[in-house]
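Chains, contacts and geometry: an overview
Here are the chains, one letter per residue:
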Amino acid sequence: MVKETIRVYARVKPLGRRQQAGIYSVDEEEKSVSSLEIIVPRDLADGFVNNKRESYKFKFQKIFDQEAKQDVVFESIAKPVAECALAGYNGTIFAYGQTGSGKTFTITGGAERYSDRGIIPRTLSYIFHQLQKDSSKVYTTHVSYLEIYNECGYDLLDPRHEASKLDDLPKVTIMEDPDQNIHLKNLSLQQAANEEEALNLLFLGDTNRMIAETPMNQASTRSHCIFTIHISSKEPGSATIRRSKLHLVDLAGSERVTKTGVGGHLLTEAKYINLSLHYLEQVIIALAEKNRSHIPYRNSMMTSVLRDSLGGNCMTTMIATLSLDKRNIDESISTCRFAQRVALIKNEAVLNEEVDPRLMIAQLKKEIQDLKDELALVTGEQRTTELSQEERLRLDELIQRFLEDNDPESTLDVGPDMRKIKYCFVHMKQLMNHSKISEEKLLSQHVLEEKDTSIQVGKEELKLKEILQQRDGEINILVNMLKKEKKKAQDALFQLNAVASGSNVLDQSLSINLEERRSPSSCAHLKEAKDFSCSVRRLPFLSRQIGEMSLGCQEAFEVFKRDHADSITIEDNKQLLKQRFAEAKSLGEKVNEVRNKINHLKGEITQRHIQKAALAVVSPSEELNKFDPVEEKLRTQIEEEKKSYKTMFNRLKGLKVEIEHLQLLMEKAKVKLQKDFEVWWSEEATKLQV
């Protein structure tokens, strides 16, 4: 068991061009603790005494300033937790902060550069690399991806649903067993045999996440997401299995509605986000207090799922993301205060080991057989699992005598044998049931007769109901026909009234015709607008594939793609991918050349051995033990070629991983571009119809 407090880190987001930097300082003089000091100058413009606090100081395990890179964050925060997960302990890493402070960038990573990979892809790469190195155990890895949006859980990795919107995904519900363990119903576990499969599952889940544009962030995640890696390991021949879970949590950002000014759907999302984070803070406060009997885990879905991570069997780490510009100083101070409360919570992580049930069954069977042998040794007779025929007949006679005996003090003595005692109970129960069955048969006959009469009455009632329904239908049809005739009469009366006022309408139509003759181009424009609006309604702008669009829609997509911001990223990644492909191709050719050269050198050594053997026949004493400098030189060349072969092969493996990641990034950017075009196209169609 490992007892430790939750480790808390802080990361400062780089400022944008138009943001004004707040005043803060980072002190890393101590070895294991860093301190962050935020200065808030007093505003003396109001002309009265201002006693507001100016300096706020907070302590963290480590503080990553604006220049910190993603690999440094992973090495310091995620790598120790991943090592504990491989050893059999549960682990959790979660990011907390306001909207736009860099939580998703830290946990998931950016989509523009390969070096911007976040904690999740780097952790997957590290875990699978360690699993390949360790051949002493058999590992199995599964992945799950849960999204909590407006207090509803959704499975982002469900293979049976092709989700075009969030409602298409299966809903996940929480179930609790008697031991207060949480189980997530409808959350699928997908097996990942290697790093490539795990990254594909991560990409699938990220494309289904809920994002929206807010005043604080152009691509704000509007939901809490929990990416979980399940690892189980077992040594060959051992009965002990180790199981561990690693939660990587990206919380939605808190925001002040008065500052952002959002409304409508975004306001509803902000309410749910702030409410769930408020319940998370309640749980943190309750855990930090001593002698607190009740912890409100059940208030929200997120705190229920993360019950073990907060004060349970888990090694938990928190990353507080800060945006230290002047406009967000108050939110950053609030985040730091929350982190200080989290640092007071103690977790007790236990090594998750369990015994294989199949081996346990075999051990219990052996123990039962040993006990049977000991019992036979004590009693002097070998007992079988079932009674013999003679023993059963003898017991039947004893039971019959016991039941016929009128003496109330009579007993039924069968000896200290549980088999005989159980048989007596079963036999007496059968006798009692037989007497009850005979009584029930008489009652059932009377019941059947009564049922027959009630069935006949019921059939007559059904016939009457059907006749009534037919009459009601005929009446409704007649009423509808009368309404139609009445409407026709009203329309005829209206037409007679319209004839009287027809002269005015004729004059107006003549004036309109004169104007149309004077400006024929306006009529043409109106007709074109109508035709275009009708065609817009028929265009399949919600289609997923470009090939299914019409020609006009494809041309609009090309123009939209040219002006879109992500097109530059796609082109850059495409060029970089071409370079990596070319480099991989040239490396492959070099590797083949080196391999052929090694084989050629080995062939020359073999030729030298054949020549030596031929010369040894002539003069065996001289040629067999003679030192051959040519062969030694060939062996040295082989060793050098092997070193270069190994270096180039390792580089080729690294290029393969980078190429696969770049392909994922391009696919993700293309999907986002397609979704943005669909939204834009539908908005344009709506405007044109209006």
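What you see is a predicted model; the values in this text were computed from it and never measured.

1. Some points on the overall build of the protein chain
Broken down by element type, the protein chain carries 17 helices and 19 strands. Burial statistics for the protein chain: of 690 residues in total, 34% are counted as buried. Of the contacts made within the protein chain by residues no fewer than 6 positions apart, 72% connect residues no fewer than 24 positions apart. Counting only carbon and sulfur atoms, one obtains 54% of the accessible surface of the protein chain, whose full area is about 44,200 Å².

2. Points about the pattern of salt bridges
Opposite charge on two side chains permits pairing when their charged atoms draw close. Going through the model one piece at a time under the given rule, you end up with 17 salt bridges. Two residues, K79 and E75, come together in a salt bridge whose shortest N-O distance is 3.4 Å. Of this pair, K79 and E75 both sit in helix α1 (residues 70-87), four residues apart, which is roughly one turn of the helix. The partly exposed category is assigned to K79, whose relative accessible area is 23%. Under the relative-accessibility criterion, E75 is labelled partly exposed at 42%. A salt bridge links E583 to R580; its shortest N-O distance comes to 3.9 Å. Taken as a pair, E583 and R580 lie in helix α15 (residues 566-618) at a separation of three residues, close to a single helical turn. Residue E583 is classed as partly exposed on the basis of its relative accessible area of 27%. Through salt bridges with shared partners, a single network forms among R580, E583, R651 and E658.

3. Here's the deal with the UniProt feature "binding site: ATP" (unreviewed entry) in the protein chain
With numbering aligned to this structure, UniProt lists the feature "binding site: ATP" (unreviewed entry) at G97, Q98, T99, G100, S101, G102, K103 and T104. On the basis of relative accessible area, S101 is assigned to the buried category, the value being 2%. When residues no more than four places from it in sequence are discounted, the contact partners of S101 are K13, T321, L322 and S323. Only 2.8 Å separates the side chain of S101 from the backbone oxygen of Q98, close enough to count as a polar contact. Tracing the backbone through its elements, the reader meets G102 in the loop between β7 (91-96) and α2 (103-107). The partly exposed category is assigned to G102, whose relative accessible area is 22%. If sequence neighbours within four positions are ignored, G102 has contacts with K13 and T321.

4. Overview of the packing of aromatic side chains
Between two aromatic rings, the relevant description is the distance of the centres plus the angle of the planes. Applying the stated criterion to the full structure yields five aromatic pairs. Look at Y145 and F227: their rings are 5.1 Å apart centre to centre, the planes differ by 90 degrees, and that puts the pair in the edge-to-face class. Residue Y145 is located in strand β8 (residues 138-149), and its partner F227 is located in strand β15 (residues 224-234); the two are separated by 82 residues in the primary sequence. Taking the relative accessible area as the measure of exposure, F227 reaches 0% and is therefore buried. One Lys or Arg, R117, reaches over the ring of Y114 and ends 4.3 Å from the middle of that ring.

5. What to know about the nonpolar core
I38, F60, Y96, L251, L280, M318 and V342 are the most contacted members of the largest nonpolar core, which totals 45 residues. What I38 contacts, discounting residues up to four positions off in sequence, is I23, Y24, E54, S55, Y56, F58, L324, I329, I333 and C336. Counting 42 residues, the second largest nonpolar core, distinct from the first, contains L86, F128, Y139 and I319.

6. Details of the packing of α1 against helix α3 (residues 119-133)
Following both chains from N to C, one finds α1 and α3 inclined at 50 degrees, their axes separated by 9 Å at the closest point. Regarding the angle of α1 to α3, the classification is oblique. The chirality of how α1 crosses α3 is right-handed. On the side of α1, the interface is formed by Q70, D71, V73, F74, A78, K79, A82, E83 and L86, while α3 contributes I119, R122, T123, Y126, I127, Q130 and L131.

7. Topic: the packing of α3 against helix α4 (residues 195-207)
Two elements in contact, α3 and α4, have axes separated by 9 Å at closest approach and are oriented at 160 degrees. With respect to their mutual orientation, α3 and α4 come out roughly antiparallel. For the crossing formed where α3 meets α4, the hand is right-handed. Judged by residue contacts, I120, P121, L124, S125 and F128 of α3 engage E195, A198, L199 and L202 from α4. Split by residue class, the contact of α3 with α4 holds seven nonpolar, one polar and one charged.

8. Describing the confidence of the model for the protein chain
Across the protein chain, the average pLDDT comes to 78, with 79% of residues at 70 or higher. Low pLDDT (under 50) marks residues 212-219, which in the prediction has 22 contacts with non-local residues, meaning those over four places away or in another chain. A low-confidence stretch, residues 499-544 (pLDDT under 50), is modelled with 24 contacts involving residues beyond four sequence positions or located in other chains.

9. A look at the sheet that holds strand β3 (residues 23-27)
Strand order in the open sheet formed by three strands is β3-β4-β5, and the pairing between neighbours is antiparallel. Pairing within the sheet leaves two strands with one partner each, and these edge strands are β3 and β5 (55-60). Taken over all neighbouring pairs, the strand axes of this sheet differ in orientation by 15 degrees on average, direction set aside. Across six bridges, the pairing between strand β4 (residues 34-39) and β5 is antiparallel. If you follow S35 over to β5, its bridge partner there is K59. Packed on one face of the sheet, helix α8 (residues 329-342) meets β4 and β5 and runs near 40 degrees to β5.

10. Quick word on the environment of V143
Topologically, V143 is positioned in strand β8. Since its relative accessible area comes to 1%, V143 is described here as buried. Spatially, the C-alpha atoms of V143 and L202 are 8.8 Å apart, while their sequence positions differ by 59 residues. What V143 contacts, discounting residues up to four positions off in sequence, is L157, S188, L189, Q190, A192, L201, F227 and T228.

11. Here we look at the environment of L246
Within the secondary structure, L246 sits in strand β16 (residues 240-250). The sequence separation of L246 and F227 amounts to 19 residues, and the corresponding C-alpha distance is 8.2 Å. Ignoring sequence-local partners within four residues, the contact set of L246 consists of V81, A82, A85, G91, T92, T123, I127, F227, T228 and I229.

12. Here's the deal with a nonpolar patch on the surface
On the surface, V355, M360 and L364 cluster together to form a nonpolar patch covering roughly 240 Å² of accessible area. Locating M360 in the fold gives a position in helix α9 (residues 357-379). On the basis of relative accessibility, which here comes to 37%, the residue M360 falls in the partly exposed class.

13. Points about the pairing of β7
Among the six residues of β7, six are classified as buried, and the element is accordingly described as predominantly covered. In the sheet, β7 pairs with β16 via five bridges, with the strands oriented parallel. Across the sheet, residue I93 finds its bridge partner in β16, namely L248. Taken together, the six bridges between β7 and strand β17 (residues 315-322) define a ladder with parallel strand orientation. Along β17, the bridge assignment pairs F94 with M318.

The rules behind the values
Residues numbered from 1 in each chain as written. Predicted model: local features only at pLDDT ≥ 70, side-chain atom pairs only at ≥ 80, totals over all residues. Heavy atoms only, no water. Helix = DSSP H or I, 4+ residues; strand = E, 2+ residues; numbered from the N terminus. Buried < 20%, exposed > 50% of the residue type's maximum accessible area, 1.4 Å probe, protein only. Contact = heavy atoms within 4.5 Å. Areas by Shrake-Rupley, 256 points an atom, 1.4 Å probe, with all protein chains shown as cover. Salt bridge = Lys/Arg side-chain N within 4 Å of Asp/Glu carboxyl O. UniProt positions renumbered as here; feature names shortened; annotations may be inferred. Polar contact = N/O pair within 3.5 Å; in protein donor to acceptor, adjacent residues only side chain to side chain. Phe/Tyr/Trp six-rings, centres within 6.5 Å; stacked < 30°, edge-to-face > 60°. Lys NZ or Arg CZ within 6 Å of the ring centre and 35° of its normal. Core = buried A, V, L, I, M, F, W, Y, C linked by side-chain atoms within 4.5 Å. Axes fitted to C-alpha atoms, helices over the stretch in contact; angles between N-to-C directions. Parallel < 35°, antiparallel > 145°, perpendicular 65-115°, else oblique. Left-handed = near helix turned anticlockwise from the far one by under 90°. Nonpolar A, V, L, I, M, F, W, Y, C, P; charged D, E, K, R; others polar. pLDDT = per-residue confidence, 0-100. Pairing = 2+ DSSP bridges. Patch = residues over 30% accessible without salt bridge, like charges linked within 9 Å, V, L, I, M, F, W, Y side chains within 5 Å.

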